[in-house]
Amino acid sequence: MASSPHKHMDVIHAVQEYVNKMLKEPGMKVLVLDKETAGIVSMVYTQSEILQKEVFLFEKIDNVSKEKMLHMKGVYFIRPTQENINLITDELKDPKYSKYHFFFSNTVNKVFLDDIAKADEQDVVAEIQEYFGDFFAINPDTFSLNMQSILSKRSLGWAMNINRLVDGVFSSMLALKKKPIIRYSSNSEATRYLSEKIAERMSRERDLFDFRKTNESLLLILDRKDDPITPLLHQWTYQAMIHELLTISNNRVSLANAPNIKEDLKEVVLSLDHDAFYRENLYKNFGDLGASIKDLVDQYQDKANTNANIQTIDDMKKFIENYPNFLSFSKTVSKHVALMDELSRIVSVNNLMDISEIQQELACNHDHSSVYSRIIEIINDPKYSEKDKLVVVMLYSIRYEDGHVWELKENLTRVGLSPKQISLIDSLKSYAGAQLREGDLLGTKNIFSFAKSVVKRGLQGVSNIYTQHKPLLHEILDNILKNKLKEQSYPFLSPTNTKERPQDIIIFMIGGITFEEALTIYTFNSLNVGVCRVVLGGTNVLNCNQFLEDISETLRK
Amino acid sequence: MATRDRTPAFKLIDLEYNNKTKNHSIADPKDRDHGNDIPLGEKEKDSVQLKLVNFVPAWLQRVNDIDSNICKIKLKIERLEQLQENKVLPTFDDDGESIVKMEIKTLKIIRLIDATNQLVKTLGEGFDLSIEDTRMKKDIQRSKIATMQTVSLLFKQNQNNYLTKISLEMALPTWNEIQDIKAGDVPPSISLTNQQMNLVNGIVCDVHARDREIKKVLSSIQDITQLIHDLGLLVGQQDSVLDQIEYNLDHAEGSTIGGDTMYMYYICSFYRNHNDNVNHINKTNES
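Residues numbered from 1 in each chain as written. Chains lettered and ligands numbered in written order. Predicted model: local features only at pLDDT ≥ 70, side-chain atom pairs only at ≥ 80, totals over all residues. Heavy atoms only, no water.

Asker: What is the right way to read the sheet that holds strand β14 (residues 533-538) of chain A from this model?
Answerer: In sheet architecture, strand pairing relies on hydrogen bonds along the backbone and comes in two forms, parallel and antiparallel. Residue and element names in this part refer to chain A. On the basis of which strands lie adjacent, the open sheet formed by six strands has the order β6-β7-β14-β13-β9-β8 and mixed pairing. The sheet terminates laterally at β6 (136-139) and β8 (181-184), the two strands that pair on one side only. With direction set aside, neighbouring strand axes in the sheet form an average angle of 25 degrees. Relative to strand β7 (residues 142-144), β6 runs antiparallel, the two being bridged by three bridges. Within the sheet, the bridge partner assigned to asparagine 139 lies in β7 and is threonine 142. (Pairing = 2+ DSSP bridges. Helix = DSSP H or I, 4+ residues; strand = E, 2+ residues; numbered from the N terminus. Axes fitted to C-alpha atoms, helices over the stretch in contact; angles between N-to-C directions.)

In structure tokens, the structure reads:
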């Protein structure tokens, strides 16, 4: 189960509570959202649920309609941006609603308040609140800021979006009611910069952090470049696979490219709150998932048979009473069968099992001779896609930075990859080369840990060759649990006397997180209930395509 | 989760701009200083108070009727439940008043559910609605249909519980029991032969059994008709992209299926199922 009993460190619950609170006033309301908050609310509530809170109309703040609705209250949940403030002030000059309740998803500065007050000539502003739901809650312990192309300070998006980045992390701390000490990755300029900005903001808004009682908490800011391997790997757990192969965007997945797909399944929604099958299986691997889908279909057939066998009026009554549940169930079945069908098709068409095997070998082991010849075979075999060939070489270049990268690039050129594609290998090195990384990504910096992993593998073997990789985050969490996270690698932003292990931890990764890391967090939390709880956030949730795109953006500078 | 109320800070700033001539809120009567509606010269004891203009459009006022009906239904269901708890079947020494009350209440609830469903369905009909009004109407219909669904399912559950209680208290007599009772009941003075008596008894029993069957069938059909009103109307939309706020905002005009469309769709499909099933039963009975 993905749902969490730890409501105090549950980002979905936090955003839901904000929404409940802003809609609790009785009466007919219009809920006005901006582009981002529309996504934020959609991730935690369905439209039917919001309708039950007497919200009878949903509007975008930039809706041009000027039709008056003076019988309605306008409840605005928006980001405090200059653009939104301009739209509000224009609106207040000729009010559309009887009263305005403004809920900003972050702190509102005095200039903005001033602008609103000036525009409020008709005294229609009833309240202005700051509700810190300024992030996209994906899982109870995972959130994203939906920001692309923010891999490093050199990325194009960095300068334009740094404030959004600070806002997002800042709001997550307030939504979870934490006043954490801050640590960052020592080899990363971006993490240090973000830490400083957040500390500055915390100091400026110190009254917001006046919580009565809080556990010892930590905000650890990491950099994607410390682990560039994880986003390049093919995934084999349900949620991660769907994102890798089909892309989950604000809980929505497009199946439009699936062959012979029915119209109503061209776009599906995957919500933890409303889809029990998804909730119970999102961390299951592909093999186990097959069995779960089979059970689901069997259950459906049983129900369908019962429903088809209507002999008496009592049967008919039962059928009608159960019909809504049956209909909902049948939709769930069709959705997951369609998803599994499409995933299987893509895996088979692209021979992803072979690719994943070599990827895992490169990510986890150090056996150059066998792996090199296999890579050459893959590059020369037309049954594998260009992208997979490129990614395999990129993984090789991380593992063997001084190896035969040049020869492999030549091979890629020979089989038709463009210079632009091949240049990503160098971009990856300049973004996340060995000299730039913090931590022991490949397990080779420490001779003891290297020897230990070799012996362990030799003695125990591997339970599943496709899922043997563990992200760097796994080791970091392990060190946090043992209270042995090296200060040299992850220094405190400001000197601290605390030696206690933090109980509540927010880990934020600049450059994006992956669903493999979300699974790592989920597993860690499940194993450490009552001891330590972690929430993972990132600039976005990466899949391989997005990561490659973000790397190519670093080239454009 | 932390929050911060900026209203006091805002009001302070607002005060700074107090010099400006402010028009007061134009719609919400509760927030207004009513005295300001009356010209100064007319502020006297006998002066006629100006009526506040109600800005709620006429079509939207029916939402209040719907809400009030829903409240009434809930209240009546509660009261009916209390009555049903106190009384299951009439006894020889009571006047049957409570049973009559139950029947009346049940009928009232059914009528009210019907009337409210009708109100929801026809909301906005006969009015010239703007595009935004139409969108709002659809949302209101979806919301109210969902509430009606919950309420009428609650009613169904109560009725089912009551029926279960009745059937437990009133175990129907078996064929042999009926035979015994009837045989014993026949006065000896009636001069019928045994063969004739048996025939009459048999016919009487058949008639009673048939009567019970017909009543049962009728009540079941009524139940089903009622259930058709309940309908899991929104289920089709729930858990689909059509129920996603962001999706609907992005496709505000074009592709959103509104409450009335959903209503009609499910009404039609359920009636179709219902009719199929009734035909099936009729055929079974005929055969």
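Asker: I tried to follow helix α1 (residues 7-16) of chain B on my own but got confused; where do I start?
Answerer: An α-helical turn contains 3.6 residues, so a residue and the one three or four places further along point in the same direction. Along α1(B), the residues that are buried comprise B:Thr7, B:Phe10, B:Ile13 and B:Asp14. Axial view of α1(B): buried residues confined to an arc of 125 degrees, hence all on one face. Structural note: α1(B) exposes B:Leu12, B:Leu15 and B:Glu16 on the side pointing more than 90 degrees away from its buried face. Residues of α1(B) that are buried in the fold lie against α5 (110-119) and β5 (125-131) of chain A together with β1 (3-5) of chain B. (Buried < 20%, exposed > 50% of the residue type's maximum accessible area, 1.4 Å probe, protein only. Arc of directions from axis to C-beta. Contact = heavy atoms within 4.5 Å.)

Asker: Looking at this structure, how should I read the sheet that holds strand β1 (residues 29-33) of chain A?
Answerer: Ordered in space as β2(A)-β1(A)-β3(A)-β4(A)-β5(A)-β1(B), the six strands form an open sheet in which the pairing is mixed. Each edge of the open sheet is held by one strand with a lone partner, namely β2 (55-60) of chain A together with β1 of chain B. Averaged over all neighbouring strand pairs, the angle between strand axes comes to 20 degrees, with direction disregarded. Bridge count between β1(A) and strand β3 (residues 69-78) of chain A: five bridges; the pairing is parallel. By the bridge assignment for β3(A), A:Val30 is matched with A:Gly74. Relative to β5(A), helix α1 (residues 11-22) of chain A is tilted by about 170 degrees, and along the sheet it contacts β3, β4 (97-104) and β5 of chain A together with β1 of chain B.

Asker: Would you mind going over the pattern of salt bridges with me for this structure?
Answerer: Pairs can form between side chains of opposite charge whenever their charged atoms are close. Residue and element names in this part refer to chain A. Summed over all chains, the structure comprises 33 salt bridges over all chains. Lysine 68 is the salt-bridge partner of aspartate 94, the closest N and O atoms lying 2.3 Å from each other. Placement of the pair is aspartate 94 in the loop between α4 (82-93) and β4 and lysine 68 in the loop between β2 and β3, with a sequence separation of 26 residues. When the shortest N-O distance is used, the salt bridge between arginine 345 and glutamate 342 registers 2.8 Å. One end of the pair, arginine 345, and the other, glutamate 342, are both in helix α11 (residues 313-349), three residues apart, so they sit about a helical turn from each other. Three or more residues are tied together by salt bridges with common partners; here these are Glu36, Arg79, Asp134, Arg164, Asp167 and Arg201. (Salt bridge = Lys/Arg side-chain N within 4 Å of Asp/Glu carboxyl O.)

Asker: How should the environment of A:Leu542 be read in this particular structure?
Answerer: Residue and element names in this part refer to chain A. As for its placement among the helices and strands, leucine 542 is situated in the loop between β14 and α20 (544-555). Measuring from C-alpha to C-alpha, the distance between leucine 542 and asparagine 146 comes to 9.8 Å, with 396 residues separating the pair along the chain. When near neighbours in sequence (up to four residues on either side) are disregarded, leucine 542 contacts Arg224, Pro231, His243, Gly511, Gly512, Ile513, Thr514, Phe547 and Asp550.

Asker: Explanation requested: helix α15 (residues 405-414) of chain A in the structure shown.
Answerer: Residues and elements named next belong to chain A. Those residues of α15 lying buried are Val405, Leu408, Lys409, Asn411 and Leu412. The buried residues of α15 occupy an angular sector of 155 degrees when the element is viewed end-on, so they sit on one face. Opposite its buried face, α15 presents the exposed residues Trp406 and Arg414, each directed more than 90 degrees away. Contacts made by the buried residues of α15 are with α13 (368-380), α14 (386-399) and α16 (419-432). Positive phi shows up at glycine 416, right after α15, with a value of about 105 degrees.

Asker: What should I look at first to understand a nonpolar patch on the surface in this one?
Answerer: All names here are of chain B. Taken together, the side chains of Leu199, Ile203 and Val207 present a nonpolar region at the surface, about 290 Å² in accessible area. Looking at where isoleucine 203 falls in the secondary structure, it is placed in helix α6 (residues 194-230). What makes isoleucine 203 partly exposed here is its relative accessible area of 48%. (Patch = residues over 30% accessible without salt bridge, like charges linked within 9 Å, V, L, I, M, F, W, Y side chains within 5 Å. Areas by Shrake-Rupley, 256 points an atom, 1.4 Å probe, with all protein chains shown as cover.)

Asker: What's the story with the domain arrangement of chain A in this structure? I'm lost.
Answerer: Frequently, the measure chosen for interface size is the accessible area that the parts lose on association. All names here are of chain A. What the domain assignment lists for chain A is domain 1 (7-131), domain 2 (138-227 + 471-556), domain 3 (238-349) and domain 4 (352-460). Inter-centroid distance (C-alpha atoms) of domain 2 to domain 3 is 34 Å. Taken together, the contacts link 14 residues of domain 2 with ten residues of domain 3. Between domain 2 and domain 3, the buried area comes to about 950 Å², and carbon and sulfur atoms account for 54% of it. For the domain 2 face of the interface with domain 3, the top three residues by lost area are Asn139, Phe515 and Asn543, together amounting to 52%. For the interface between domain 2 and domain 3, the tally reads zero salt bridges. Connecting domain 2 to domain 3 are seven residue pairs in polar contact (both at pLDDT 80 or more). Those elements that place two or more of their residues in the side of domain 2 that touches domain 3 are β6 and α19 (515-527). Taken together, the residues that form the side of domain 2 that touches domain 3 break down as nine nonpolar, three polar and two charged. (Domains from an automatic or database assignment. Buried area = accessible area lost by both parts, 1.4 Å probe. Polar contact = N/O pair within 3.5 Å; in protein donor to acceptor, adjacent residues only side chain to side chain. Nonpolar A, V, L, I, M, F, W, Y, C, P; charged D, E, K, R; others polar.)

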